[in-house]
Amino acid sequence: GAAAAAVREARWRALAQRELAGEVVLGTIRPEDLEALVSGRRFRRDWLPGTSERRVFRRFARRLARAKRAQARAASTRRKLLQVQILTLRTRLRGAVSTLAAREGLD
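The structure contained in this document is the topic of the report that follows. All of these numbers come straight from a predicted model, not from anything done at the bench.

1. Describing helix α1 (residues 2-26)
Thinking step 1. Relative to the 36 Å expected for 25 residues at 1.5 Å per residue, α1 spans 36 Å between its end C-alpha atoms, a close match to the ideal helical length.
Thinking step 2. Helix geometry: α1 is bent most strongly at Leu 20, by close to 35°.
Thinking step 3. Among the residues making up α1, those that are buried are Trp 12, Leu 15, Ala 16, Glu 19, Leu 20 and Glu 23.
Thinking step 4. Trailing α1 by a residue or two, Gly 27 shows a phi angle of about 85°, which is positive.

As structure tokens, then:
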């Protein structure tokens, strides 16, 4: 119920903060994206205007955070495979950020 949802939310916020903070430094996501991802803003229009945009961005960010956590715990061979997944997810998120930046520049 509500307690389980609260635990999931706390875990997500900790995971996102820990694993995605470095992505801001790399330019994969913007600081405001990380702030929204670790708060309730990730569900609201004041972060990204479209529902589908928010859903896709959250999905890629969640997959990236989980892949980075798994890579840190994995054996050498699996770590290399996860690196490919991480690079792919970074590319997708950078594309989303570039699209958002272009839209903001047009407004």
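2. Side note on the packing of α1 against helix α3 (residues 51-73)
Thinking step 1. Relative to each other, α1 and α3 sit at 85°, their axes nearing to 9 Å. As far as their axial angle goes, α3 and α1 are roughly perpendicular. Of the residues in α3, those touching α1 at Trp 12, Leu 15, Arg 18, Glu 19, Leu 20 and Glu 23 are Ala 61, Arg 62, Leu 64, Ala 65, Arg 66, Lys 68 and Arg 69.

3. What about the environment of Ala 3?
Thinking step 1. Relative to the helices and strands, Ala 3 is located in helix α1.
Thinking step 2. The spatial distance from the C-alpha of Ala 3 to the C-alpha of Ala 101 is 37 Å, given a sequence separation of 98 residues.

4. Things to note about the packing of aromatic side chains
Thinking step 1. Going through the model one piece at a time under the given rule, you end up with one aromatic pair.
Thinking step 2. Aromatic side chains Trp 47 and Phe 57 sit 5.3 Å apart centroid to centroid with 85° between the ring planes, which places their arrangement in the edge-to-face category. On the criterion of sequence distance, the pair formed by Trp 47 in the loop between α2 (31-37) and α3 and Phe 57 in helix α3 is long-range, its members being 10 residues apart. Both residues of the pair, Trp 47 and Phe 57, count as buried.

Conventions we followed
- Residues numbered from 1 in each chain as written.
- Predicted model: local features only at pLDDT ≥ 70, side-chain atom pairs only at ≥ 80, totals over all residues.
- Heavy atoms only, no water.
- Helix = DSSP H or I, 4+ residues; strand = E, 2+ residues; numbered from the N terminus.
- Expected span 1.5 Å × (residues − 1).
- Bend = angle between axes of the 7 residues up to and from the residue.
- Buried < 20%, exposed > 50% of the residue type's maximum accessible area, 1.4 Å probe, protein only.
- Axes fitted to C-alpha atoms, helices over the stretch in contact; angles between N-to-C directions.
- Parallel < 35°, antiparallel > 145°, perpendicular 65-115°, else oblique.
- Contact = heavy atoms within 4.5 Å.
- Phe/Tyr/Trp six-rings, centres within 6.5 Å; stacked < 30°, edge-to-face > 60°.

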